[in-house]
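A closer look at the structure
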Amino acid sequence: MSPLSSEGFPRILADYCRVRLCRALSPHDLSLVRLYLLDLFARRELPPFAGDAWSWAQIAHDSGLDHAHVYAARHDLRPILIVLERELGRGHRRTPNRRQKVALRPSAPAQT
């Protein structure tokens, strides 16, 4: 099991919503996101993915929020999604992002 207890994630989520997400979402949207993330945690499910990134459109649909609001708040949502992944024991399953993929490709042999 990960370092957080079953009581730990809800507390961390509440603190995170109060401190950080409140700047990015309305109180109503914040409530919907909080309930959605708590539901995922209770069901031990990850947020939906599209390729190697979260599916913001599916997260918006599943949580009952407008896609534009979720997409606008995506930079503030990422850290709590990472915490959720780690709590569920699946925090290292994602592939590198595009910038990392480019850096990992071998360079072409030098022509002499």
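Residues numbered from 1 in each chain as written. Predicted model: local features only at pLDDT ≥ 70, side-chain atom pairs only at ≥ 80, totals over all residues. Heavy atoms only, no water.

Observations concerning the overall build of the protein chain
Where we set the bar: Counting from the N terminus, the helices are the DSSP runs of H or I reaching at least four residues and the strands are the DSSP runs of E reaching at least two. Partly exposed describes any residue whose relative accessible area lies between the buried limit of under 20% and the exposed limit of over 50%, with all areas from a 1.4 Å probe on protein chains only and scaled to the type maximum. By definition, residues are in contact when any of their heavy atoms lie within 4.5 Å. All accessibility values rest on the Shrake-Rupley procedure with a 1.4 Å probe; residue burial counts only the protein chains present in the view.
Looking only at helices and strands, the protein chain has six helices and two strands in total. Along the protein chain, from the amino end to the carboxyl end, the secondary structure elements read α-α-β-β-α-α-α-α. Out of the 112 residues in the protein chain, the part that is buried amounts to 32%. Sequence-distant contacts, at least 24 apart, represent 66% of the contacts inside the protein chain between residues at least 6 apart. Accessible surface, the protein chain: about 7300 Å² in total, of which carbon and sulfur atoms supply 55%.

Describing the confidence of the model for the protein chain
Definition in use: As a per-residue measure, pLDDT tells how confident the predictor is, with possible values from 0 to 100.
Mean pLDDT for the protein chain: 82, with 73% of residues reaching 70 or above. At the low end of the mean pLDDT range in the protein chain sits helix H6 (residues 98-104), at 51; at the high end sits helix H3 (residues 56-63), at 96.

Re helix H1 (residues 8-19)
Here is the rule we go by: To estimate how far a helix should reach, multiply one less than its number of residues by 1.5 Å.
Here H1 contains 12 residues, and its C-alpha end-to-end distance of 16 Å stays within 8% of the 16 Å for a straight helix at 1.5 Å per residue. Of the surrounding elements, those touching the buried residues of H1 are helix H2 (27-43) and helix H5 (74-87).

Digging into the environment of Trp54
Its location among the elements puts Trp54 in strand S2 (residues 53-54). For the pair Trp54 and Arg74, spaced 20 residues apart in sequence, the C-alpha to C-alpha distance is 9.4 Å.

Concerning the environment of His75
Our working definition: For the purposes of these results, a polar contact is taken to be a pair of N or O atoms within 3.5 Å, where, inside protein, one atom must be able to donate a hydrogen and its partner to accept one; residues adjacent in sequence count only when each atom of the pair is a side-chain atom.
Here His75 is to be found in helix H5. Residue classification places His75 among the partly exposed positions, given a relative accessible area of 47%. Considering only alpha carbons, one finds His75 and Leu21, 54 residues apart in sequence, at a separation of 9.8 Å. Within the structure, the side chain of His75 is placed 3.0 Å from the side chain of Arg78, a separation counted as a polar contact.

Overview of H5
The terminal C-alpha atoms of H5 lie 20 Å apart, and with 14 residues this matches the ideal 20 Å at 1.5 Å per residue to within 8%. Buried within H5 are the following residues: Arg74, Asp76, Leu77, Ile80, Leu81, Leu84, Glu85 and Glu87. On its buried face, H5 sits against H1, H2, strand S1 (49-50), S2, H3 and helix H4 (67-72). At the C-terminal side of H5, Gly89 shows a positive phi close to 80 degrees.

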